[in-house]
Amino acid sequence: MTDLNKAMVETYRNDFLKEVEANVEEGNWVKMCMQCGVCSGSCPFGPDWEHPPQEIFAMIRAGKRDEVLKSESMWMCTSCYNCIVRCPRELPITHIMHGLANYAHRLGIAPKMNPTRRFAKIFWDNIAKSGRVNELELSIRLYFMNGFMKGIKTGLEMLPVGLGMLKTKRLNPFGLFAHGGIKRKGELHKMLKKAYEIEDKRKGFAK
Amino acid sequence: MTDVVATNETILVVGGGISGMTAALEAAECGKDVVLVEKNPSLGGRVNQLYKYFPKLCHPTCGMEINLRRLRANKRIRVLTLSEVKTITGKPGDYTATITISPRYVNENCTACGECEKAVSTEITNPYNYGMDKTKAAYLPFAMAYPPRYVIDPSLIGTPEAEKAKAACKYDAIDLGMKEETINFKVGAVVWATGWKPYDAAKIQPYGYDRYPNVITSVEFERLMDPFGPTGGKLVRPSDGKEAKNVAFIQCAGSRDRNHLKHCSRICCMASLKQSTYVREKYADDANVSIYYIDIRAIDRFEDFYKKIQADPKVKFIKSKVANITVDKEGNPILHGVDTEGYHRYDNSHDLVVLAIGMEPSVDASRIMPGVKADASGFIDIHATTEAVFGAGCASNALDVNRSVQSATAGALRAIQVINRVSRAEA
């Protein structure tokens, strides 16, 4: 268990709903759910979720902290917004799902091998470094996410697409090394650092 | 010319449904003069279009008969049908009402013999059956219509059909030259009883009311049971006339939904429980009813009725708001969703789906006159209203028949208090 996770368990002992309200993006909406089930029924990936959104909201209120935060379910959300549009109480369900996933990740208890989490992390590291996505680097990292051999295999599979893009000048092979990014990257890094500080302070992550 | 003798000691009742009739009768039986204005050609309103009431499961025609008896016995009520209130101006105890009266093209000589109906062949969609069938363009709105007088539809005027109807009438009751009239008269207080209308089901896009013929509303379902209804009392589905033995009810169709009606319409839970008995009445043990609900709101003594239906093995309760509906090749609606008791995903096929449709006020109260205030759903907000305009029945809130009648009596009493103040001031 990470230190932050321990601290949060300590702070919100036995009141997971309060913890979600305080720390999860849009978490204060969770208590408004009336368990009608329209979100779960409307979700195109619904059958693949271990716990559909409606169940997650019930689990939060039932204090099932570990079951929720360690779940793969909210990582399944593809942001189609069907649930938000149909929810009779206008809960921002999509945002809550992402909020929960992000919080679990911050606490260091999100499922380590979850592909969405890993992709999100690769994407974030990539864009935060230079302020602009290095698409070539991102794809290569993605190909090799599941091991060297798998990466070679995926790379070869994607070769015709890459060559096609090269031909139509949609891909610069030197971009891998000479990716420019934005001007004054240092300023961006300072901004992000400050944003982390503010968030950690507001949510009580930092003492 | 329609003469209406009214003073500022007269009570104007707007709407001739169960609430308006009750308010008018209660006030008149207390010795007050009443003008009762109804938009349709007959009194009776939506209650009369129901097959049965809950929880006693008796027929509304019975209540209608009692009210009509009281009405005929009372000289203090003047009934204006096909009439609508245009404006009300003035102040409590001294209002002027402007009413427009549409032509009926049939006068007081009518004996409701029905010869004009036989003479014409033109048909119009029948509003009494929510447009599910047609009626002749010379018609009696329904068997118990009051006044018991025929109506010639305006679309007939100027056609040879109208002349045929006139020629068929033995009592010189058809007057094709009738024009719309506008009249003004004084009233002291107003009881506003314009009632409700079903929410537009087509707006609930995932349920496909506008796309699937076998998805109907609860008010339409009532008409299927009526021997004078579009199917002659047969419980069959619209697409192919197949017997509707496996019927699903979807609760909160439009109600308790911030995308549609914010309020709980209060009647729909009891209406579906009641309608489950219709399916049982028609098909006995071949019947299968599924009620999809968020929570059943059977208030007070209705709990007993709910318990009785719950004990019926042919009625299944599924705690889930249906997410969407599709249809298979045979036209059977398939309901998709996830239930809350165990989070099981279902794709259930039914013969017919009934949307327990929500109620919204027929008239947005904020448009009556400046001093009349509406709540968030458009019902009259009695606490914020500064005029002597008193909401009765479903104009004031989403109410069942029983509570509408109570509300109408309360509205009549408030109006009487205003009239009594006027009388004392003038004595």
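A few points on the structure.

The rules behind the values
- Residues numbered from 1 in each chain as written.
- Chains lettered and ligands numbered in written order.
- Predicted model: local features only at pLDDT ≥ 70, side-chain atom pairs only at ≥ 80, totals over all residues.
- Helix = DSSP H or I, 4+ residues; strand = E, 2+ residues; numbered from the N terminus.
- Rg over C-alpha atoms; globule rule 2.2 N^0.38 Å.
- Buried ≥ 20, exposed ≤ 12 C-beta atoms within 10 Å, placed from the backbone.
- Contact = placed C-beta atoms within 7 Å.
- Pairing = 2+ DSSP bridges.
- Axes fitted to C-alpha atoms, helices over the stretch in contact; angles between N-to-C directions.
- Core = buried A, V, L, I, M, F, W, Y, C linked by C-beta atoms within 7 Å.
- Expected span 1.5 Å × (residues − 1).
- Parallel < 35°, antiparallel > 145°, perpendicular 65-115°, else oblique.
- Left-handed = near helix turned anticlockwise from the far one by under 90°.
- Nonpolar A, V, L, I, M, F, W, Y, C, P; charged D, E, K, R; others polar.

Here we look at the overall build of chain B
Argument step 1. A tally of helices and strands in chain B yields 8 helices and 22 strands.
Argument step 2. Since a compact globule built from 427 residues should have a radius of gyration of about 22 Å, the 23 Å found for chain B is in line with a globular shape.
Argument step 3. In chain B, which comprises 427 residues, the share counted as buried stands at 46%.
Argument step 4. Pairs at least 24 residues apart make up 67% of the contacts formed inside chain B by residues separated by at least 6 positions.

Considering the sheet that holds strand β2 (residues 33–37) of chain B
All names here are of chain B.
Argument step 1. With parallel pairing, 5 strands are arranged side by side in an open sheet as β3-β2-β1-β11-β22. Whereas interior strands pair on both sides, the edge strands pair on one side only; in this sheet they are β3 (77–80) and β22 (389–391). Across the sheet, the axes of successive neighbouring strands diverge by a mean angle of 20 degrees, strand direction being ignored.
Argument step 2. Sheet topology note: the β2/β3 ladder contains 4 bridges and is parallel. Across the sheet, residue Val35 finds its bridge partner in β3, namely Arg78.

Here's the deal with the interface of chain A and chain B
Argument step 1. Counting residues at the interface gives 17 residues for chain A and 18 residues for chain B.
Argument step 2. The set of elements that each furnish at least two residues to the side of chain A that touches chain B consists of α3 (38–42) and α4 (53–61) of chain A.
Argument step 3. A per-element tally of the side of chain A that touches chain B places α3 of chain A first, with 4 residues.

Observations concerning the environment of Arg256 of chain B
Argument step 1. Checked against the element boundaries, Arg256 of chain B lands in the loop between β14 (246–253) and α6 (268–283).
Argument step 2. The spacing of Arg256 of chain B and Gly358 of chain B is 102 residues in sequence and 8.7 Å in space, taken between C-alpha atoms.
Argument step 3. Setting aside its immediate chain neighbours within four residues, Arg256 of chain B contacts Pro88 of chain A together with Cys264 of chain B.

Digging into the environment of Gly16 of chain B
All names here are of chain B.
Argument step 1. Structurally, the position occupied by Gly16 is in the loop between β1 (10–14) and α1 (18–29).
Argument step 2. Among the residues examined, Gly16 registers 27 C-beta atoms within 10 Å and is labelled buried.
Argument step 3. Between the C-alpha atom of Gly16 and that of Pro213, which follows or precedes it by 197 residues, the distance is 32 Å.
Argument step 4. Setting aside chain neighbours within four positions, we find Gly16 in contact with Met21, Leu36, Glu38, Leu43 and Gly45.

Focus on the nonpolar core
Argument step 1. Counting residues in each nonpolar core, the largest one holds 157 residues, and the members touching the most others are Val13, Val190, Val191, Trp192 and Leu355 of chain B.
Argument step 2. A total of 8 residues in this core trace back to one element, the largest contributor, which is helix α7 (residues 93–107) of chain A.
Argument step 3. The residues contacting Trp192 of chain B, other than those within four sequence positions of it, are Val14, Ile368, Ile380, Val389, Phe390, Gly391, Ala392 and Ala395 of chain B.

Remarks on helix α8 (residues 115–130) of chain A
Argument step 1. With 16 residues, α8 of chain A should cover 22 Å at 1.5 Å per step; its first-to-last C-alpha distance of 23 Å lies within 8% of that length.
Argument step 2. Two residues or fewer after α8 of chain A comes Gly131 of chain A, characterised by a positive phi angle close to 85 degrees.

Thoughts on the packing of helix α5 (residues 218–225) of chain B against α6 of chain B
Residue and element names in this part refer to chain B.
Argument step 1. Closest axis-to-axis distance for the α5/α6 pair is 11 Å, and the angle between their directions is 30 degrees. Judged by the inter-axis angle, α5 sits roughly parallel to α6. The handedness of the crossing between α5 and α6 is left-handed. Along its contact with α5, which presents Ser218, Phe221 and Met225, the element α6 presents Cys268, Ala271, Ser272, Gln275 and Tyr278.
Argument step 2. The class makeup of the residues in the contact of α5 with α6 is 5 nonpolar, 3 polar and no charged.

A short note on the sheet that holds strand β13 (residues 215–217) of chain B
Residues and elements named next belong to chain B.
Argument step 1. Taken in spatial order, the 5 strands of this open sheet run β13-β20-β14-β15-β16, and their pairing is parallel. Both outer strands of the open sheet, β13 and β16 (315–319), are each paired with one neighbouring strand and no more. Averaged over all pairs of adjacent strands, the angle between their axes in this sheet comes to 25 degrees, without regard to strand direction.
Argument step 2. When β14 meets strand β15 (residues 288–293), the two strands line up parallel, connected through 5 bridges. Bridging across to β15, Asn246 finds its partner in Asn288.
Argument step 3. Across the sheet, α6 lies against β14, β15, β16 and β20 (352–357), angled at about 175 degrees from β14, the strand it touches most.

Topic: the pairing of β20 of chain B
All names here are of chain B.
Argument step 1. For β20, a buried count of 6 out of 6 residues is recorded, marking the element as mostly surrounded by other parts of the structure.
Argument step 2. Bridge count for β13 against β20 is 3 bridges, and the pairing is parallel. Across the sheet, Thr217 pairs through a bridge with Leu355, a residue of β20.
Argument step 3. Two elements, β14 and β20, share 5 bridges in a ladder whose sense is parallel. Paired with Ile250 across the two strands is Leu355, which belongs to β20.

Observations regarding unusual backbone geometry
Argument step 1. Along the chain, Phe54 of chain B connects to Pro55 of chain B via a cis peptide bond; the corresponding omega equals -5 degrees.
Argument step 2. Here Pro55 of chain B lies in the loop between β2 and α2 (60–72).
Argument step 3. At the junction of Tyr146 of chain B and Pro147 of chain B, the peptide bond is cis and its omega measures out at 0 degrees in the coordinates.
Argument step 4. Take Pro147 of chain B: it is sitting in the loop between β8 (138–139) and β9 (151–152).
Argument step 5. The phi dihedral of Glu90 of chain A is positive, around 55 degrees, even though this residue is not glycine.
Argument step 6. Tracing the sequence through the fold places Glu90 of chain A in the loop between α6 (82–86) and α7.
Argument step 7. Look at Glu90 of chain A and you get partly exposed, because 14 C-beta atoms sit within 10 Å.
Argument step 8. One non-glycine residue, Cys252 of chain B, lies in positive phi territory at about 55 degrees.
Argument step 9. On the secondary structure map, Cys252 of chain B appears in strand β14.
Argument step 10. Classification of Cys252 of chain B by C-beta neighbours within 10 Å gives buried; the count is 28.

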